[in-house]
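# Structure at a glance
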Amino acid sequence: LVLGCGRIWRGGLPARMAAIVMVRVYGARNLPVMDSARNTTDAYVVIRLGEKDNHSNFQMQKKETRICYNSLHPVWDQSFRFKLMDETLIYENPLRLTVFDKDTFSANDPIGTVVIGLASMLSHEKATQRLSGWFPLYDTLKGIVGQLYVHVRVQRVAGACPSFYSASLIDGYEILRYHGFVDELIVSADPEHRWQGLISGARKTNESRQLLFYTMAGQVQQNISRKASALGANAVIGYRFDIDFEGSHGVIARGYGTAVFLNKLEEEVENQNSNEKTVLEFIGDRNRADGTSNTDTKHGLGGPNKKDQRNSAEQTDVKRKRNRDRKNRETGLFPPPRASPLVSRPEKRKHPVEFLTVDKLPSEKAQYLLGGAVNSRAVHLITGKRAKQDLRDEWWAEVRDEIRSHAQSLQCTHILGYRERTT
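Sequence positions are assigned chain by chain, starting from 1 and proceeding in written order. pLDDT decides what is reported in this predicted model: residues at 70 or higher carry local features, side-chain atom pairs at 80 or more are listed and counted, and totals for whole chains, interfaces and linings draw on all residues regardless. To obtain the side-chain values, all non-hydrogen atoms of the structure were used and water was disregarded.

## Let's talk about the overall build of the protein chain
Defined as follows: Going along the chain from the N terminus, every DSSP run of H or I of four or more residues is numbered as a helix, and every run of E of two or more is numbered as a strand. Remark: exposure states derive from per-residue accessible area (1.4 Å probe, protein chains only) relative to the maximum for the residue type, with buried under 20%, exposed over 50%, and partly exposed in between. Calculation of accessible area relied on Shrake-Rupley with a 1.4 Å probe; when residues are assessed, cover is drawn exclusively from the protein chains displayed.
Counting its secondary structure elements, the protein chain contains seven helices and 16 strands. Going through the 423 residues of the protein chain one by one, you find that 42% of them count as buried. With the model as given, the accessible surface of the protein chain reaches about 23,800 Å², and the carbon-plus-sulfur share is 50%.

## Description of the nonpolar core
Note the cut-off: Side-chain atoms within 4.5 Å link the members of a nonpolar core, which is a set of buried Ala, Val, Leu, Ile, Met, Phe, Trp, Tyr and Cys residues. Residue contacts are counted whenever heavy atoms from the two residues lie within 4.5 Å of one another.
One finds Val 21, Val 25, Leu 95, Leu 97, Leu 118 and Leu 148 to be the most contacted residues of the largest nonpolar core, which totals 35 residues. Mapped by element, the contributors of at least two residues to this core are β2 (19-29), β3 (43-49), β5 (75-84), α1 (89-92), β6 (95-101), β7 (109-116), β8 (128-139) and β9 (143-156). Setting aside residues no more than four positions away along its own chain, Leu 95 makes contact with Val 23, Ile 47, Arg 48, Leu 49, Val 114, Val 115, Ile 116, Leu 118 and Val 152. Val 182, Leu 212, Leu 231 and Ala 233 belong to the second-largest nonpolar core, a separate cluster that totals 15 residues.

## Overview of the pattern of salt bridges
Which entries qualify depends on this criterion: What makes a salt bridge here is a side-chain nitrogen of Lys or Arg within 4 Å of a carboxyl oxygen of Asp or Glu, nothing more.
Counted according to the given criterion, the structure contains 13 salt bridges. Among the salt bridges present, the one from Asp 35 reaches Arg 38, with a minimum N-O distance of 2.6 Å. Its relative accessible area of 22% is what places Asp 35 among the partly exposed residues. Here Arg 38 falls in the partly exposed class, since its relative accessible area comes to 41%. For Lys 227, the salt bridge identified is with Glu 184, shortest N-O distance 2.8 Å. Of this pair, Lys 227 sits in helix α3 (residues 202-231) while Glu 184 is found in strand β11 (residues 173-188), placing the two residues 43 residues apart along the sequence. Under the relative-accessibility criterion, Lys 227 is labelled partly exposed at 36%. Judged by its relative accessible area of 12%, Glu 184 falls in the buried class. Through salt bridges with shared partners, a single ionic network connects Asp 183, Asp 242, Asp 244, Arg 254, Arg 400 and Glu 420.

## Structural notes on the side chain of Arg 240
Under the convention used in this document: For this count, His and the chain ends are skipped, Lys and Arg are scored as positive, and Asp and Glu as negative. Here a polar contact is recorded for every N or O atom pair within 3.5 Å, except that within protein the pair must consist of a potential hydrogen donor and a potential acceptor, and residues adjacent in sequence are included only if both atoms are side-chain atoms.
In this fold, Arg 240 is placed in strand β12 (residues 235-245). Salt bridges are absent for the buried Arg 240, whose nearest opposite-charge side chain, Asp 359, sits at 4.1 Å. Within polar-contact distance, the side chain of Arg 240 engages the backbone oxygen of Ser 166 at 3.2 Å. Here the side chain of Arg 240 touches Gly 238 through a polar contact of 3.5 Å, landing on its backbone oxygen. What Arg 240 contacts, discounting residues up to four positions off in sequence, is Ser 166, Arg 254, Gly 255, Tyr 256, Thr 357, Asp 359 and Arg 419.

## Structural notes on a negative patch on the surface
Condition: For patch detection, residues must exceed 30% relative accessible area and be free of salt bridges, and they are connected within 9 Å for like charges or within 5 Å for nonpolar side chains (Val, Leu, Ile, Met, Phe, Trp, Tyr). A charged residue contributes its charge at one atom only: NZ of Lys, CZ of Arg, CG of Asp or CD of Glu.
A cluster of acidic side chains, namely Asp 390, Asp 393, Glu 394 and Glu 398, defines a negative patch on the protein surface. With respect to the helices and strands, the residue Asp 393 is situated in helix α7 (residues 389-409).

## Describing the sheet that holds strand β13 (residues 251-264)
Put simply, the rule reads: The criterion for strand pairing is that DSSP finds at least two bridges linking the strands in question. With axes taken as lines fitted to C-alpha atoms, and helix axes fitted only over the stretch in contact, angles between N-to-C directions fall between 0 and 180 degrees.
Strand order across the open sheet formed by four strands is β10-β12-β13-β11, with mixed pairing between neighbours. Strands at the two margins of the open sheet, each flanked by one partner only, are β10 (163-164) and β11. In the packing of α3 onto the sheet, contacts are made with β10, β11, β12 and β13, and the angle to β11 comes to roughly 135°. Helix-sheet contacts for α7 involve β11 and β13, and the interaxial angle to β11 is about 135°.

## Quick word on unusual backbone geometry
The residue Asn 30 is not glycine, and still its phi comes out positive at about 60°. Mapped onto the fold, Asn 30 is located in the loop between β2 and β3. Even without a glycine there, the phi angle at Gln 411 is positive, about 60°. Assignment of secondary structure puts Gln 411 in the loop between α7 and β16 (414-422).

## Observations concerning α7
Because the α-helix completes a turn every 3.6 residues, residues three or four places apart line up on one side. We apply this condition: Multiply 1.5 Å by the residue count of a helix minus one, and that product is the helix's expected span.
Under the 1.5 Å per step criterion, the end-to-end length of α7 is 31 Å for 21 residues, consistent within 8% with the ideal 30 Å. All buried positions along α7 are accounted for by Arg 392, Trp 395, Trp 396, Val 399, Arg 400, Ile 403, Arg 404 and Ala 407. Following α7 by one or two positions, Gln 411 adopts a phi angle in the positive range, close to 60°.

## A short note on the confidence of the model for the protein chain
Here is the rule we go by: For every residue, the predictor assigns a confidence score, pLDDT, that lies between 0 and 100.
Within the protein chain, residue pLDDT values average 76, and 69% of them lie at 70 or more. Across residues 276-304, confidence stays below pLDDT 50; counting only partners more than four residues off in sequence or on other chains, it has twelve contacts. A low-confidence stretch, residues 336-350 stays under pLDDT 50, and its non-local contacts, those more than four residues away or across chains, total 19 contacts.

## Thoughts on α3
Between its first and last C-alpha atoms α3 spans 44 Å; for 30 residues at 1.5 Å apiece the expected length is 44 Å, and the two agree. The first or second residue beyond α3 is Gly 232, which carries a positive phi of 95°.

## Let's talk about the pairing of β11
In terms of burial, β11 is a largely internal element, 14 of the 16 residues being buried. Here β11 pairs with β13 via 14 bridges, running antiparallel. Residue pairing across strands places Glu 184 opposite Gly 255, the latter belonging to β13.

## With respect to the packing of aromatic side chains
Two descriptors summarise a pair of aromatic rings, namely the distance from one centre to the other and the angle between the planes of the rings. Operational definition: In this scheme Phe, Tyr and Trp rings, the latter by its six-membered ring, pair at centre separations within 6.5 Å, and the angle between planes marks the pair as stacked below 30 degrees, edge-to-face above 60, and tilted otherwise. The rule is short: NZ of Lys or CZ of Arg within 6 Å of the ring centre and within 35 degrees of the ring normal puts a charge over the ring.
Counted by the stated rule, this structure contains ten aromatic pairs. With a centroid separation of 6.0 Å and 35° between ring planes, the pair formed by Phe 181 and Tyr 256 is classed as tilted. Placement of Phe 181 in strand β11 and of Tyr 256 in strand β13 is noted, with a sequence separation of 75 residues between them. With relative accessibility at 2%, the residue Tyr 256 sits in the buried group. Aromatic rings pair up to connect Phe 181, Tyr 256, Phe 355 and Tyr 418 into one cluster. Across the ring face of Phe 82, the terminal group of Lys 63 is positioned such that the distance to the ring centre comes to 5.9 Å.

Have a look at this one:
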């Protein structure tokens, strides 16, 4: 059973480049006793990025720390470096840190694992992003078995992928464009129903399933990011992600949201400029106290230099950007298809009704009338041994087309608060 509901109102792919992931493992605390004879643990950490796949160009990179003997609170303080030729692979390959207990005469026993998704660190404006803190060590059978302190730094060459937000409005930013609905659906076999899962242990099957969920979530987000970039958007708001379990037929991962173009508020920019002016005034005060004139501090002994000229050019670019953003605001949130170069859509569309996954719109910009509530249901019989992605795309397309027809009968152009779910 598939459902779609909402409230109605009237009214190119990013370039790929290399990325570097720096991981520093400081230590762990409150580890369990793995050697009952000595009442201690000989712990070390295995760091993995990627997954072994004969059909992929990206192979797993694996690093190990030294062994810290006889300690339940080991300290390693070691750094590792991972190089990626394609930073978009971070979406599909979370960082995994597994703590093991070293055994002399038997296989090393896993203690717990920390899985860190790095996709969110690609969407920021800064080229370098950092993440650090105590992360819980998780065992799929025992639960939390300790904590691991890790510092992660992701450095990309240039450019940022679209940001993802579950909220409808973002603090510190204004929405200049609503580019429309973006979605993605992928299908994968469930490790619990594979023949390998029948002969593997429960812990191995649980870990494979956990990694699959991370990988599918990253693949969905990556594909939606590319679609949003092709529309000219720099963010996806009202983002929703769901996983549907269909037993032996597989696992379905679905993601959808509203592609928008966000612009940082001028107040935030002015605050940054005022902070820079405060620093300059402070430097000028210090120079005057040392007997140096303010003119010498600002321009040097030979007048304005090349750096000042570059700063003047940057200020001109900022003014041009503000004027361009002001023109974008005047055209409204939902301009005609050819009102903006960011909107790359045909003039005539088959379905004039747009889906918006956001719950509310900016009150100072949007003026609209609610037309009513619409929903659609569909029941499909799942057959075959393996779920088919194209078939499920067709099912969701039928539901959305029916909702569009309901909206058109009410003479509405947009659907607000759109949601989808399966039972």
